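Summary of the model geometry
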Amino acid sequence: MKIEKVTEDMWPEAPVFDESIFPPPVKVQGSELQALDNMMLLTSRGRFKFYTEGCDYVRVLAGSGHIKWARGEFPFREGDLLKVEGVKEYELNGKGRFFVVRR
């Protein structure tokens, strides 16, 4: 159970980010979410909760804030790549855009 900043070479089989492949957004939790297979593009208005059993990679495309989870808070800012592993539930707190890939 951990959250950590990682680098590109630590992200196995990283998909190429292409916003044009995503379907139109839907409103979820007051934010806009676009989902395709195991990938999500999120435009958050301030707070968005995720539930996961495995590992999520979160690329912060814009914005800053923190991830709230059972063991506290983890800060993030634009340009960060985060690995969220085995936490079951976490919340992105902060306005911004995020590319999330589930493994």
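Calculation notes
Residues numbered from 1 in each chain as written. Predicted model: local features only at pLDDT ≥ 70, side-chain atom pairs only at ≥ 80, totals over all residues. Heavy atoms only, no water. Helix = DSSP H or I, 4+ residues; strand = E, 2+ residues; numbered from the N terminus. Rg over C-alpha atoms; globule rule 2.2 N^0.38 Å. Buried < 20%, exposed > 50% of the residue type's maximum accessible area, 1.4 Å probe, protein only. Contact = heavy atoms within 4.5 Å. Areas by Shrake-Rupley, 256 points an atom, 1.4 Å probe, with all protein chains shown as cover. Lys, Arg positive; Asp, Glu negative; His and termini not counted. Charge placed at Lys NZ, Arg CZ, Asp CG, Glu CD. Salt bridge = Lys/Arg side-chain N within 4 Å of Asp/Glu carboxyl O. Phe/Tyr/Trp six-rings, centres within 6.5 Å; stacked < 30°, edge-to-face > 60°. Core = buried A, V, L, I, M, F, W, Y, C linked by side-chain atoms within 4.5 Å. Pairing = 2+ DSSP bridges. Polar contact = N/O pair within 3.5 Å; in protein donor to acceptor, adjacent residues only side chain to side chain.

1. Remarks on the overall build of the chain
Scanning the chain from N- to C-terminus turns up zero helices and 10 strands. Ordered by position in the sequence, the α and β elements of the chain form the string β-β-β-β-β-β-β-β-β-β. In terms of overall dimensions, the chain is globule-like: its C-alpha atoms have a radius of gyration of 12 Å, near the 13 Å expected for 103 residues. Projected onto its principal axes, the C-alpha positions of the chain cover 35 × 30 × 25 Å. Taken over 103 residues, the chain has a buried fraction of 41%. Residue pairs in contact within the chain that sit at least 24 positions apart in sequence constitute 64% of those at least 6 positions apart. On the chain, roughly 5700 Å² of surface is accessible, and the fraction owed to carbon and sulfur atoms is 51%. Of the charged side chains in the chain, 16 are positive and 16 negative; the average position of the first set lies 6 Å away from that of the second.

2. Considerations on the pattern of salt bridges
Applying the stated criterion across every chain, the model contains nine salt bridges. Two residues, arginine 102 and aspartate 56, come together in a salt bridge whose shortest N-O distance is 2.8 Å. Of this pair, arginine 102 sits in strand β10 (residues 96–102) while aspartate 56 is found in strand β6 (residues 55–69), placing the two residues 46 residues apart along the sequence. Measuring nitrogen to oxygen at the nearest pair gives 3.8 Å for the salt bridge that ties lysine 83 to glutamate 85. One salt-bridge network, held together by shared partners, links Lys27, Glu32 and Arg45.

3. Let's talk about the packing of aromatic side chains
Per the stated rule, a full pass over the model turns up six aromatic pairs. Every member of this aromatic cluster is reached through a ring pair, and the members are Phe17, Phe22 and Phe99.

4. Comments concerning the nonpolar core
Core analysis: the largest hydrophobic core is formed by 19 residues, its most contacted members being Phe50, Ile67, Tyr90, Leu92 and Phe98. Counting residues per element, the ones that place at least two in this core are β4 (39–44), β5 (47–51), β6, β7 (72–77), β8 (81–85), β9 (89–93) and β10. Here this core takes four residues from β6, the largest share from any one element. Not counting chain neighbours up to four residues away, the residues in contact with phenylalanine 50 comprise Met40, Leu42, Lys88, Glu89, Tyr90, Leu92, Val100 and Arg102. Trp11, Cys55, Leu81 and Val101 belong to the second largest nonpolar core, which has 10 residues in total.

5. Things to note about the pairing of β5
Residue alternation in β5 divides its side chains into a buried set, Phe48 and Phe50, and an unburied set, Arg47, Lys49 and Tyr51. Pairing between β5 and β9: five bridges, direction antiparallel. Paired with tyrosine 51 across the bridge in β9 is glutamate 89.

6. Quick word on the side chain of glutamine 34
Positionally, glutamine 34 belongs in strand β3 (residues 31–36). Given the relative accessible area of 12%, glutamine 34 is considered buried. A polar contact of 2.8 Å, which involves the side chain of glutamine 34, links it to the backbone oxygen of proline 23. Beyond its immediate sequence surroundings of up to four residues, glutamine 34 is in contact with Phe22, Pro23, Pro24, Pro25, Met39, Met40 and Leu41.

7. Here we look at the environment of glycine 86
With respect to the helices, strands and loops of the structure, glycine 86 is situated in the loop between β8 and β9. The exposure class assigned to glycine 86 is partly exposed, which follows from its relative accessible area of 27%. Taking the C-alpha atoms as reference points, glycine 86 and lysine 27, 59 residues apart in sequence, are found 26 Å from one another. In this structure glycine 86 touches Met1 and Gly54, once residues within four positions along its chain are discounted.

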